[in-house]
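# A structural walkthrough
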Amino acid sequence: MADYNRPLPTATPETRHFWEGTQNGELRLQRCTACKESYFPPRPFCPVCGSRAVEVYKASGKATLYSYVINHRPRPDFGTEPHSIAVVTLAEGPRMMTNIVDCPQTPEALALDMPLEVTFEKASDEISLPKFRPAKKA
Amino acid sequence: MKQKTIAVVGAAETTEMGKIPDTSQLMLHADAALNAMKDAGLTAKDIDGIATAGDSPVEVAHYLGITPTWVDGTSVGGCSFMLHVRHAAAAINEGLCNTVLITHAESGRSRVGARRFSRDPASQSGQFEVPFGITSPPTMFTIPALRYMKQYGVTEEDLAHVAVVQREWAAQNPRASFRDPITVDDVLNSKMIAWPFRMLMCCLVTDGGGALILTSAERAKDFPQKPVYILGTGESCETPMISQMEDFTSSKAFRVSGKKAFGEAGIKHADVDHLMIYDAFAHLPVYGLEDLGFCDKGEGAAFIRDGHTRPGGRLPLNTNGGGLSYMHSGMYGMYALQESVRQMRGIAPAQVPNAKISIAHGVGGMFAASGTIVFSNEAP
Ligand SMILES: [Zn+2]
């Protein structure tokens, strides 16, 4: 973490709960109490029905791999080896961008639809990033 | 849009293209604009509407000495110029102005007086995408493709075919950046950029620009060039974040924009003689063919592989060589429009014989926005 030099997010009032969640080892989503829709990224109203009656809840952290690339362009801040940039579908429905970690960064190891689970990477005192790794077999 | 009332009466690209290290981005706007005004037999005093994207229309208008009564700075990425054409058509029809100049320029390669690409870390993308290593289009625009490939059994070879076919068109174009023939193996052996995308599946990075001049179809007959009429237009947008695109196998913005343009023009797909689909990457023409309705879902890649879009095929596509082989300075939509206009004037280097209807379809950002223009060389 001391040598973390990648770009970091800056929370806004509307997203603070999310970044406070990742810092505390929780993936927090929002849900509309009117139409029950879960959504992401954070905002204080429902993007489906417009209701401001929304709640924050702790998501399961389970996801599946929707799509990705393996970046081969130089990103010294991401190390010298190619790395995945992925979009996952959360069990609750919304999608988010992430990196798939704790597995080889190869097409063979990264199969679409594979089950994943969230893990948190501490990047600074304020920011932990949600990453995903292959789900442990139960 | 009111039907069939607007025409392109001036069109030109920058004098040079490719590497132009001795010219600033602002001067590239002016170079393209001066060429288009000469093409139309006009001077800056005759222009009363101005539009550009990326850079400010105020900057371009003042630099050229234009005092407009209509200004459009819509900037939604590389298809912004399609939106400008659409907005200009509405403005001219409404009497807000008579003669509109639309410019694009980017010192994409030499970066002389060019904008810097950066995303605020508090923006949605800055918070929820940038921290995971996306830097530029090659690591963003490419992300949906793998889902498409899995869903429809499309292979890396299929994507390579897109680049091969477009190089066939570029070979006929003296201004194209890359003209030497390539094979599927050449594409698959080119440098890995972001798997499954290789270098030759990604667009060029060059310097250049282009400009268009539009006026009412009624006035268009008095200009020196053969008028190119606008039959229909469409525009839409979806998401600033590729990760939040509703369906990774289809662009909602493409579908909405395309449907609108076809509806306004009142044409069928079989009426289209020539097609331009903004190809920042090799999967874009595949999505475009399907989302515009030229192919069923999952059949766009086979359509290209089977030769229907190559020289001599039944739907000539990206006949300038496209962003993959012709040029791409950053916002390629202007060059797609320019090629449609050349085809409708009958002066394209790889001219499609007897082409009467051409469509230029653009993408903005990473599937963020879209614009579609239907042109014809026959007076309405
Ligand atoms: Zn709701």
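Throughout what follows, the structure given in this document is the object of discussion. From a predicted model like this one, the values you see are computed outputs, not experimental measurements.

Reading the values: the criteria
For every chain, the first residue of the written sequence is number 1, and numbering continues from 1 along that sequence. To read the labels, note that chains go from A and ligands from 1, taken in the order they are written. Selection of residues for local features in this predicted model requires a pLDDT of at least 70, selection of side-chain atom pairs for listing and counting requires 80 or more, and totals for whole chains, interfaces and linings are taken over all residues. Side-chain measures were taken over the full set of non-hydrogen atoms in the model, leaving aside hydrogen atoms and water. Residues with no salt bridge and a relative accessible area higher than 30% make up the patches, which join like charges within 9 Å and nonpolar side chains (Val, Leu, Ile, Met, Phe, Trp, Tyr) within 5 Å. What sets the accessible areas is the Shrake-Rupley method with a 1.4 Å probe; for residues, cover comes only from the shown protein chains. Only one rule defines a salt bridge in this text: a Lys or Arg side-chain nitrogen within 4 Å of an Asp or Glu carboxyl oxygen. For helices the rule is a DSSP run of H or I covering at least 4 residues; for strands it is a run of E covering at least 2, with both sets numbered from the N terminus onward. For the exposure calls, accessible area comes from a 1.4 Å probe over protein chains only, and a residue counts as buried if that area is under 20% of its type's maximum, exposed if over 50%, partly exposed in between. The pairing criterion for strands is at least two bridges between them, as found by DSSP. For helices, the axis comes from a line fit to the C-alpha atoms of the stretch in contact; other axes are also lines fit to C-alpha atoms, and the angle between any two N-to-C directions lies between 0 and 180 degrees. The rule is simple: put a 1 Å grid over the protein atoms alone, call a set of points where a 1.4 Å probe fits but cannot get out a cavity, call an open set with protein on both sides within 12 Å along at least five of seven lines a pocket, and count a residue as lining if it has an atom within 4 Å of a point. Grid points are joined across faces, edges and corners, and a volume is the space filled by probe spheres set on the points. Each residue is assigned to one of three groups, with Ala, Val, Leu, Ile, Met, Phe, Trp, Tyr, Cys and Pro labelled nonpolar, Asp, Glu, Lys and Arg labelled charged, and all others, Gly among them, labelled polar. Any pair of residues with heavy atoms lying within 4.5 Å of one another is described as a contacting pair. In this description, a donor is an N, O or S atom within 2.8 Å of the metal centre, a cutoff extended to 3.2 Å for sodium, potassium and calcium. Water is not part of the atom list, which can make sites seem incomplete. Working rule for geometry: tetrahedral if four donors all subtend angles between 85 and 135 degrees; square planar for four, octahedral for six, if opposite donors exceed 155 degrees and the others stay between 65 and 115; irregular in every other situation. Defined in terms of a 1.4 Å probe, buried area is the accessible area two parts forfeit on being brought together, summed over both. Polar contacts, as used here, are pairs of N or O atoms within 3.5 Å; protein pairs need one atom able to donate a hydrogen and one able to accept it. Residues neighboring in sequence count only if both atoms are side-chain atoms.

Turning to a nonpolar patch on the surface, a few remarks are in order. Residue and element names in this part refer to chain B. On the surface, M27, L34 and Y63 cluster together into a nonpolar patch covering about 270 Å² of accessible area. One can find Y63 in helix α2 (residues 57-64). Accessibility expressed as a relative area gives 44% for Y63, which makes it partly exposed.

A separate point is the sheet that holds strand β3 (residues 70-72) of chain B. Residue and element names in this part refer to chain B. The nine strands are arranged β3-β2-β4-β7-β1-β8-β11-β10-β9 in an open sheet whose pairing can be described as mixed. The two strands at the open ends of the sheet, each matched to only one other strand, are β3 and β9 (274-277). This sheet shows a mean twist of 20° between the axes of neighbouring strands, independent of strand direction. In terms of strand pairing, β9 meets strand β10 (residues 357-364) through four bridges, oriented parallel.

Attention now goes to the layout of surface pockets. Of the volumes computed, that of the second largest pocket is approximately 600 Å³. Forming the walls of the second largest pocket are 23 residues, and the residues nearest its centre are F40(A), P41(A), R43(A), P47(A) and Q244(B). Looking at the lining of the second largest pocket residue by residue, the classes come out as 10 nonpolar, six polar and seven charged.

Time to look at the environment of A336(B). All names here are of chain B. Secondary-structure assignment places A336 in helix α14 (residues 333-345). Sequence separation between A336 and M276 is 60 residues, and the spatial gap between their C-alpha atoms is 5.8 Å. Residues within four places of A336 in sequence aside, it is in contact with M82, M276 and A360.

Take unusual backbone geometry next. At the junction of F40(A) and P41(A), the peptide bond is cis and its omega measures out at -5° in the coordinates. With an omega dihedral of 10°, the bond running from W195(B) to P196(B) counts as a cis peptide bond. With respect to the helices and strands, P196(B) occurs in the loop between β5 (192-195) and β6 (197-198). Positive phi, close to 55°, is recorded for R111(B), a residue that is not glycine. Along the chain, R111(B) falls in the loop between β4 (100-107) and α4 (124-128). Among the residues examined, R111(B) registers a relative accessible area of 41% and is labelled partly exposed. In this model, N354(B) sits at a positive phi of 60°, which is unusual for a non-glycine residue. Mapped onto the elements, N354(B) comes out in the loop between α14 and β10. Residue N354(B) is classed as exposed on the basis of its relative accessible area, which comes to 67%.

Residues and elements named next belong to chain A. The protein atoms that coordinate the zinc ion are C32 (SG), C35 (SG), C46 (SG) and C49 (SG), at distances of 2.3 to 2.4 Å. Given four donor atoms and angles of 102 to 122° at the metal, the environment of the zinc ion is assigned as tetrahedral. Residue classification places C32 among the buried residues on the basis of a relative accessible area of 1%. Assessed through its relative accessible area of 1%, C46 is described here as buried.

In this section: the interface of chain B and chain A. How big an interface is tends to be stated in terms of the accessible area lost upon association of its parts. Between chain B and chain A, the residue contacts involve 36 residues of the former and 38 residues of the latter. Overall, the association of chain B and chain A removes approximately 3000 Å² of surface from exposure, summing both partners, and the carbon and sulfur fraction of that is 63%. Among the residues of chain B in contact with chain A, F128(B), F132(B) and W195(B) are the three that bury the most area, contributing 25% of the side total. The tally of links between chain B and chain A comes to two salt bridges. In this structure, D113(A) engages R147(B) in a salt bridge whose closest nitrogen and oxygen atoms are separated by 2.7 Å. Counting the contacts that link chain B with chain A gives 20 residue pairs in polar contact (both at pLDDT 80 or more). For the side of chain B that touches chain A, the elements supplying multiple residues, two or more each, are α4, α5 (137-140), α6 (145-152) and β5 of chain B.

On to the sheet that holds strand β2 (residues 38-39) of chain A, then. All names here are of chain A. With antiparallel pairing, the three strands of this open sheet are ordered in space as β2-β1-β3. Each edge of the open sheet is held by one strand with a lone partner, namely β2 and β3 (54-58). In the sheet, strand β1 (residues 28-32) pairs with β3 via five bridges, with the strands oriented antiparallel. When the bridges of β3 are listed, R31 appears paired with E55. Packed on one face of the sheet, helix α1 (residues 16-23) meets β1 and β3 and runs near 140° to β1.

Once that is clear, we can look at the pairing of β10(B). All names here are of chain B. Of all the eight residues making up β10, eight are buried; the element is thus mostly covered by neighbouring parts of the structure. Neither face of β10 is open: one carries I357, I359, H361 and V363, the other S358, A360, G362 and G364, and all of them are buried. Here eight bridges tie β10 to strand β11 (residues 369-376), and the two strands are oriented antiparallel to one another. Its bridge partner being in β11, S358 is matched across the sheet by F375. Taking the residues that link successive antiparallel strands as the turn, the β10-β11 hairpin has four residues, and the phi of G365 there is positive, at about 60°.

All names here are of chain B. Relative to the assigned elements, E290 resides in helix α11 (residues 284-291). The class of E290 is buried, set by a relative accessible area of 6%. For E290, the side chain forms a polar contact with the main-chain nitrogen of G300, separated by 2.8 Å. If near-sequence neighbours (up to four positions away) are discounted, E290 is found in contact with Y148, C295, D296, K297, G298, E299, G300 and A301.

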